[in-house]
Amino acid sequence: MTIDEQGLRRRIEEFLAAHDPATTERLEFLRARYNAGLAWVHFPEGHGGLGLPQAWQPAVDARFEAAGAPDNNKKANGIGLGMAAPTILRFGTEEQKQRFLRPLWTGEEIWCQLFSEPGAGSDLAALGTRAVREAASGDWIVNGQKVWTSGAHLAQFAILVARTDPDLPKHQGITYFLADMTDPGVDVRPLRQITGEAEFNEVFLTDVRVPDIQRLGEVGQGWAVANATLSNERVAIGGSPVRENGMIGVVAKAWRDHPELRTPELHDRLLRLWVEAEVSRLTGQRVRQKLALGQPGAEGAALKVTFARIAQELSGLELELRGEQSLRYSDWAMVRPDHVDFTGRDAGYRYLRAKGNSIEGGTSEILRNIMAERVLGLPSEPRVDKDVPWKDLAK
Amino acid sequence: MTIDEQGLRRRIEEFLAAHDPATTERLEFLRARYNAGLAWVHFPEGHGGLGLPQAWQPAVDARFEAAGAPDNNKKANGIGLGMAAPTILRFGTEEQKQRFLRPLWTGEEIWCQLFSEPGAGSDLAALGTRAVREAASGDWIVNGQKVWTSGAHLAQFAILVARTDPDLPKHQGITYFLADMTDPGVDVRPLRQITGEAEFNEVFLTDVRVPDIQRLGEVGQGWAVANATLSNERVAIGGSPVRENGMIGVVAKAWRDHPELRTPELHDRLLRLWVEAEVSRLTGQRVRQKLALGQPGAEGAALKVTFARIAQELSGLELELRGEQSLRYSDWAMVRPDHVDFTGRDAGYRYLRAKGNSIEGGTSEILRNIMAERVLGLPSEPRVDKDVPWKDLAK
Amino acid sequence: MSDTNLLYTEVEDDLRATVRKLLTDRCDPVVVTALYDGDRSLVDGLWKALAAELGLAGLLVPEDRGGAGASALEAAVVLEELGRTVAPVPFLTSAVIATLVLRDSDGPLLGQLASGEKTAALLVPLSTAPHGALPTVTVADGRLTGTVTSIAGAIEADTLLVFADGAVFSVAAADATVTPVVSLDMTRQLADVRLDGIAGELVVADAEQAVQDALVAGAALLASEQVGLARWCLEETVTYLKERKQFGRAVGGFQAIKHRLADLAIGVESATAAARYAAATLAAGDEDAVVASSVAQAYVSDLAVLAAEEAVQLHAGIGMTWEHPAHLYLKRAKADQIALGTAGAHRARLAGLVDLPTPQ
Amino acid sequence: MSDTNLLYTEVEDDLRATVRKLLTDRCDPVVVTALYDGDRSLVDGLWKALAAELGLAGLLVPEDRGGAGASALEAAVVLEELGRTVAPVPFLTSAVIATLVLRDSDGPLLGQLASGEKTAALLVPLSTAPHGALPTVTVADGRLTGTVTSIAGAIEADTLLVFADGAVFSVAAADATVTPVVSLDMTRQLADVRLDGIAGELVVADAEQAVQDALVAGAALLASEQVGLARWCLEETVTYLKERKQFGRAVGGFQAIKHRLADLAIGVESATAAARYAAATLAAGDEDAVVASSVAQAYVSDLAVLAAEEAVQLHAGIGMTWEHPAHLYLKRAKADQIALGTAGAHRARLAGLVDLPTPQ
């Protein structure tokens, strides 16, 4: 029997009454919240949820925040919460869900993503990291190099795709794993980017051992699992819930704060982008309403393409608006931030960081392909590599 | 021995002294001008020219116009002057040049172009109009349907491409002809377009007879000849010689004439397009300087893409500027104009007519392909039809 | 905390199916094209079928006034279908704008519009933005004098609503001089109307707000017409390019085309969200309705033009011909862009509404 | 009636080859990138080689004043090459702008700049448009007081040119407080300069026109730097995408990418024409030079940003890294867009110059 919105509210109040945020130990509180199904209410009972609509979650979070409840480290665990968790929920065994979901949600275990490789970016399925099964133990031994891994230096676990059969065509020989980042074979090196920061890492994997119980989905089914992960990422990224959220809010504020910088040309460009940001907010809302009951599909691709374009145009406009001030930058020193903040630091940082929005999590070019083929049903590219064993592909 | 600019000027004055435009019969004057090499000075001596730089021609025309010299019907004979003539000059036999160039230039014979077909637009080389050689006479018998033929109802001659060998791959079995439009097998039907006018025609060819001496270039070499024709078209179309020529002049005038219609938004858009039109003018000038000695290449493609985009944006802006007035149209009646005037009639006509600019003479999409492959050297599309006999192609 | 619903309800889906069936049966592009050559024989019967048989004329009229008591959301669905077929009927002008002007009026006219017995048009140029200046008609002793140009729906109307001296009067179209105009969009042909001191009946006394509200609603719902139009352009183009072969392949399989169509599809989805939100806030009497209306016009009217322009370009040659219906959509889209304020006018309006001040 | 020549002469081709060789040898991207971490060891030697060894510092100085007596066309070619390598040298600030401020001055400074013996910078924020307000420095008894921020070329300069009270004074950089600024573009690092009542030498008495002309010329020639930058971005991206394979094919063979690169190539060719015309009218003292300068900036500075943005995007992941030089170009392009007036500022300027009046 599912509960209604009022029932949910009552449950929250009861929980808060029983676990005073002011006096309850942080981790104890978080674990109890998970156990009470108030972590992510759209997850099933027993896995931190109550099987309720995902749309109800923001109100739950808002109530807990208002009550002074501890944070589950969500800024540092975006990959875990947004991508690993729904994938484990959908494809994991009961044991995997029991083992991984709670410490993931409470932030006890931070996750990162080992997908992209230097030679396999947009063409992720071309990946060359090998996982070979050790006959004696049944464990998988993983070797290869991954890249664009945010938070790798903080993570305890990784979602990992690796090639388990190079004799099959590229999409068929991939398997999906949950890998231990504390394995001695994992070497994480910071990868500095154009902002000066090293938000991402390169990860070198040398004989990393993954027990077979940490395989997610069947052997050779990794491509389908990875696609589910990526769809989650795109829906998560596109479309703000409230008006003037994100980059538009920052730039609108700059406009309001600086009457002396305004020009008619910038005014019209800002108004255009304000309208586009507002429409993108509504589009995201509509997509979330559509998806409330189903699985994410290609709609997330559209949201992300729009999000990236607007963020880039706005941040570029902001530099033109600020004029002389934009010629100055906060600091080029190489740091390793704990989490990403697209609108953080100064205008120059925002401009440079936004360039990544149309690359990370699927380039806008790849997402347009996905839209064209999956939503519009247009023919796919002539494929020269579809039926060729991976090991025979041109690289 | 070539002559210098001063020598050219002297020659013009001598010619005008000997042939008073006020008293000389029109056709006599034009033929004499051709014979004197003052028709198109960059053509060789004996063919209406003096082998001089093409860049000198505008000054020649200006001087003749100022002197009240008769017009050679150039508005109605754009295809002849811009496309047929340079192609005949380059690929024609001496006899063909002697036969066709003078009456073409004087406007005694108007030309049209029989290239596109309903099933072969962008993929012109897929054309299916057949030309079969009659064994007895050696003449070619042509059957098929052409489309987008401007001036077909006024023309005496046509440049025509037809398939002479369907067993060869599509580019190899095409031959180029100079066809007589007065042949009884030619049926010209007006093709009404979105402006309401029928500027173009469909042309149905039924057993049209073309003598072999009216074949231009070798049998099977028609594709190369046609490409030369199309390059000439594109250079002719892109880049105005003087500032504020064409659409930008019309819209700038509307702006100047109507202070009451101005808004800041439209102002910036107009200024952007003014800048783009001016830069496109300079780009055209630079391309013409580059080409002054050589043959036209892919540069014309770039000019035409830009020309079309600017014309379309400007004409769209003009309707927004004019507001209520733009909701009214001059006349939808179907007429067959003698010549095309992109900026003629009213703002609504300009807007609609400009839509054709990115389609006729090579779509902007095809021209971008040409740019990417010929100028940048990027790989061509995977071609499924390159080595397949034409007759076996999917249609 | 629950979001405004931006999806279609089952009731709306049913309404759409009904309207689409009628339009598929009775609004063939060939017959619509004939309007450009002066053959308007399609219009009356089609409007009667929609207005009276389907009862769409009374959609926005309360049930106790003889209407269907539906909301802007249902009207928006009807307009999507009308835009999809560029149907030449005065739904927007009579059943939306004129009806909403009369919404709080007494007297029988509202009921007559609802039943389809009468058809009305507000005398404003189609290009009038909701916040723009209204035309000047003078009134003296109940007699109206003035000329208003470029009015949509006037040819089809038997009743004209005249804003004069802060009030709205109704006059019989037969008493006015209605001169049809050769219009860019002959599927919504305009007329100039001259009033030579003719008698008007006062129908709304203090009418300025009602007229402005009606124009705001008209702009908001025009966005749905534009969405329907844009979606037709997208779908028709996709369908054509799956079939059309060049270079031995479907043209729709070339990546540059695919990406453009993907961008257009993103635009159409976005436009749908904007138009739905505008209709939903209107239906709910939400205070955000004015912003939502201008956001919708600022976004959707340019998007619809883009969709029609892309349809012509990607159909290439055939899209430039009179025989192919693409031109009907291009002309409607461009006229709709100017109708009820250009996108630029709505952006300028938003500057004040959302606190993004104009430079001094 | 013959057109302004917009092609490169053989002399210019030779000059380009010489400059390119030196930059290829001595201006490696890895060393340029080190500027962002504060290692400026590249700058002095490179500038000495260009300024004195190749004699580029005196390019725009008449021969009788110790220069090469070349024209803006040659300076433009040098700037194309400097843009192509985002070279961190004060050519634009010293050999173009400061030099042109002094062009009609007496005294030895012009000759010292020409020989490379001295390097100068005009004290204006880099963002100053040619028609924009100049900073206010006060002068009393020949002593200068004031602060000017975000000056390009000041770190490299030993001589500062100060506009005050309608005249230009020179001061020794050592007498001023020059504070380097962490800059968006560290390949043209800015500085703030404070003058605490220090002695200046009057070098140009009635200087307002000379300063404005120098800024017009600076803007015109900056366009050539931007062209060089944009062309590098285009060529580097094309080269990379011919090599980079995804889905078993060179990425540069995918049509959507091809069309974008074709559009970019069209843009770069157009930018070249605009920049060449600006340089040519400047060289000829043509009355169209002011219009040409603003046209060039209005077009080229946005195009260069687009080229750099496309380079980053189409290199994808690798283009976002510190190791790949693309970011050097992105930062230079964005800073150049703001330098000497944004494209928008130049468009607004053109409104008055070409009679497209601003709405009232």
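- Chain C appears in an unreviewed UniProt entry as Acyl-CoA dehydrogenase from Streptacidiphilus pinicola.
- If you open the UniProt record of chain C and go to Cofactor (unreviewed entry), you find "FAD".
- If you open the UniProt record of chain C and go to Sequence similarities (unreviewed entry), you find "Belongs to the acyl-CoA dehydrogenase family."

- Chain A is annotated in an unreviewed UniProt entry as Acyl-CoA dehydrogenase from Streptacidiphilus pinicola.
- Quoted straight from UniProt, the Cofactor (unreviewed entry) entry for chain A says "FAD".

### Things to note about the overall build of chain A
Working step 1: Across its full length, chain A holds 11 helices and eight strands.
Working step 2: The C-alpha radius of gyration computed for chain A amounts to 22 Å, which stays within 12% of the reference 21 Å derived for 395 residues, consistent with globular compactness.
Working step 3: Projected onto its principal axes, the C-alpha coordinates of chain A cover approximately 70 × 60 × 45 Å.
Working step 4: Scored against the burial criterion, the 395 residues of chain A give a buried share of 58%.
Working step 5: Excluding contacts between residues fewer than 6 apart, the proportion of contacts in chain A whose partners are at least 24 apart in sequence is 70%.
Working step 6: Accessible surface, chain A as shown: approximately 15500 Å² in total, 51% of it carbon and sulfur.
Working step 7: In chain A, 48 side chains carry a positive charge and 54 a negative one; their mean positions are 3 Å apart.

### Structural notes on the interface of chain C and chain B
Working step 1: Counting residues at the interface gives 44 residues for chain C, matched by 44 residues for chain B.
Working step 2: Of all residues in chain C, the largest losses of buried area upon contact with chain B belong to Leu184, Phe247 and Met320 of chain C, amounting jointly to 21% of the total for that side.
Working step 3: Here Arg328 of chain B makes a salt bridge to Asp192 of chain C, at a shortest N to O gap of 2.6 Å.
Working step 4: Between chain C and chain B we count 25 residue pairs in polar contact (both at pLDDT 80 or more) in total.
Working step 5: At seven residues, helix H10 (residues 326-338) of chain C tops the list of elements feeding residues into the side of chain C that touches chain B.

### Observations concerning helix H3 (residues 57-66) of chain B
All names here are of chain B.
Working step 1: Within the span of H3, buried status applies to Gln57, Val60 and Phe64. Viewed along the axis of H3, the buried residues span an arc of 60°, placing them on a single side of the element. Among the exposed residues of H3, those pointing more than 90 degrees away from its buried face are Glu65 and Ala66.
Working step 2: Structurally, H3 contributes buried residues whose contacts are with helix H1 (5-18) and helix H2 (26-35).
Working step 3: Positive backbone phi, at 80°, marks Gly68, one or two positions downstream of H3.

### So, the environment of Asp207 of chain B
Working step 1: Locating Asp207 of chain B in the fold gives a position in strand E7 (residues 200-210).
Working step 2: Those residues in contact with Asp207 of chain B that lie beyond four places of it in its chain are Ile141, Val142, Asn143 and Asp183 of chain B.

### Structural notes on the sheet that holds strand E1 (residues 120-122) of chain D
What links the strands of a sheet is backbone hydrogen bonding, and the strands pair in either a parallel or an antiparallel sense.
Residue and element names in this part refer to chain D.
Working step 1: The sheet built from four strands is open, its strands ordered E1-E4-E5-E8 with mixed pairing. Each having just a single partner strand, E1 and strand E8 (201-204) make up the two edges of the open sheet. With direction set aside, neighbouring strand axes in the sheet form an average angle of 35°.
Working step 2: Relative to strand E5 (residues 167-172), strand E4 (residues 159-164) is paired through six bridges, and the arrangement is antiparallel. Bridge pairing links Leu161 to Ser170 in E5.
Working step 3: Of the strands in this sheet, E1, E4, E5 and E8 touch helix H5 (residues 91-101), which is tilted by about 65° from E1.

### Quick look at the side chain of Ser170 of chain D
Working step 1: For Ser170 of chain D, the position within the fold is in strand E5.
Working step 2: Sequence-distant contacts of Ser170 of chain D, defined by excluding residues within four places in its chain, comprise Leu109, Thr159, Leu160, Leu161, Ala199, Gly200, Glu201 and Val203 of chain D.

### Quick word on the pattern of salt bridges
All names here are of chain B.
Working step 1: Under the counting rule described, the total for this entry stands at 115 salt bridges over all chains.
Working step 2: Note that Arg243 is salt-bridged to Glu278, the shortest N-O span being 2.8 Å. Taken together, the residues span a long stretch of sequence, with Arg243 in the loop between helix H6 (222-237) and helix H7 (247-257) and Glu278 in helix H8 (residues 264-291) at a distance of 35 residues.
Working step 3: Looking at Glu278, the relative accessible area reads 2%, which means it is buried.

### Brief notes about the packing of aromatic side chains
Residue and element names in this part refer to chain A.
Working step 1: Counting across every chain of the model gives 38 aromatic pairs over all chains.
Working step 2: Ring centres of Trp111 and Phe157 lie 5.3 Å apart, and the angle between their planes is 25°; on these two criteria the pair is classed as stacked. Linking Trp111 in strand E1 (residues 111-114) with Phe157 in strand E4 (residues 157-163), this pair joins segments that are 46 residues apart in sequence. As far as the burial class goes, Trp111 and Phe157 line up, both buried.
Working step 3: Residues Phe115 and Tyr176 carry aromatic rings whose centres are separated by 5.9 Å and whose planes lie at 85° to one another, so their mutual orientation is edge-to-face. Of the two residues, Phe115 sits in the loop between E1 and strand E2 (130-133) while Tyr176 sits in strand E5 (residues 174-180), which places them 61 residues apart along the sequence.

### Thoughts on the nonpolar core
Working step 1: Among the nonpolar cores identified, the biggest contains 335 residues, and Leu50, Phe91 and Leu161 of chain C together with Leu50, Phe91 and Leu161 of chain D are the most heavily contacted of them.
Working step 2: Contacts of Leu50 of chain C, omitting those with residues within four sequence positions, involve Val19, Leu22, Leu23, Gly55, Leu56, Ala57, Leu82 and Val89 of chain C.

### Re the sheet that holds strand E7 (residues 190-199) of chain D
Residues and elements named next belong to chain D.
Working step 1: Strand order across the open sheet formed by four strands is E2-E3-E7-E6, with antiparallel pairing between neighbours. Both edges of this open sheet fall to strand E2 (138-140) and strand E6 (177-180), since each of them pairs with a single strand only. The sheet shows a mean angle of 15° between the axes of neighbouring strands, direction not considered.
Working step 2: In terms of strand pairing, E2 meets strand E3 (residues 143-152) through three bridges, oriented antiparallel. Following the sheet pairing, Val139 is matched in E3 by Leu144.

### Topic: the domain arrangement of chain A
Working step 1: Annotation of chain A at the domain level lists domain 1 (5-71), domain 2 (111-219) and domain 3 (225-374).
Working step 2: Computed from C-alpha coordinates alone, the two centres of domain 1 of chain A and domain 2 of chain A are separated by 33 Å.

### What to know about the interface of chain A and chain D
Quoted interface sizes are often the accessible area lost when the parts come together.
Working step 1: Counting residues at the interface gives 45 residues for chain A, matched by 44 residues for chain D.
Working step 2: Between chain A and chain D, a total of about 3700 Å² is buried, with carbon and sulfur atoms accounting for 61% of that surface.
Working step 3: Between Glu381 of chain A and Arg249 of chain D there is a salt bridge, and its shortest N-O distance comes to 3.3 Å.
Working step 4: Of all the elements in the fold, those that place two or more residues in the side of chain A that touches chain D are helix H9 (299-322), helix H10 (347-354) and helix H11 (364-375) of chain A.

Reading the values: rules and limits
- Residues numbered from 1 in each chain as written.
- Chains lettered and ligands numbered in written order.
- Predicted model: local features only at pLDDT ≥ 70, side-chain atom pairs only at ≥ 80, totals over all residues.
- Heavy atoms only, no water.
- UniProt positions renumbered as here; feature names shortened; annotations may be inferred.
- Helix = DSSP H or I, 4+ residues; strand = E, 2+ residues; numbered from the N terminus.
- Rg over C-alpha atoms; globule rule 2.2 N^0.38 Å.
- Buried < 20%, exposed > 50% of the residue type's maximum accessible area, 1.4 Å probe, protein only.
- Contact = heavy atoms within 4.5 Å.
- Areas by Shrake-Rupley, 256 points an atom, 1.4 Å probe, with all protein chains shown as cover.
- Lys, Arg positive; Asp, Glu negative; His and termini not counted.
- Charge placed at Lys NZ, Arg CZ, Asp CG, Glu CD.
- Buried area = accessible area lost by both parts, 1.4 Å probe.
- Salt bridge = Lys/Arg side-chain N within 4 Å of Asp/Glu carboxyl O.
- Polar contact = N/O pair within 3.5 Å; in protein donor to acceptor, adjacent residues only side chain to side chain.
- Arc of directions from axis to C-beta.
- Pairing = 2+ DSSP bridges.
- Axes fitted to C-alpha atoms, helices over the stretch in contact; angles between N-to-C directions.
- Phe/Tyr/Trp six-rings, centres within 6.5 Å; stacked < 30°, edge-to-face > 60°.
- Core = buried A, V, L, I, M, F, W, Y, C linked by side-chain atoms within 4.5 Å.
- Domains from an automatic or database assignment.

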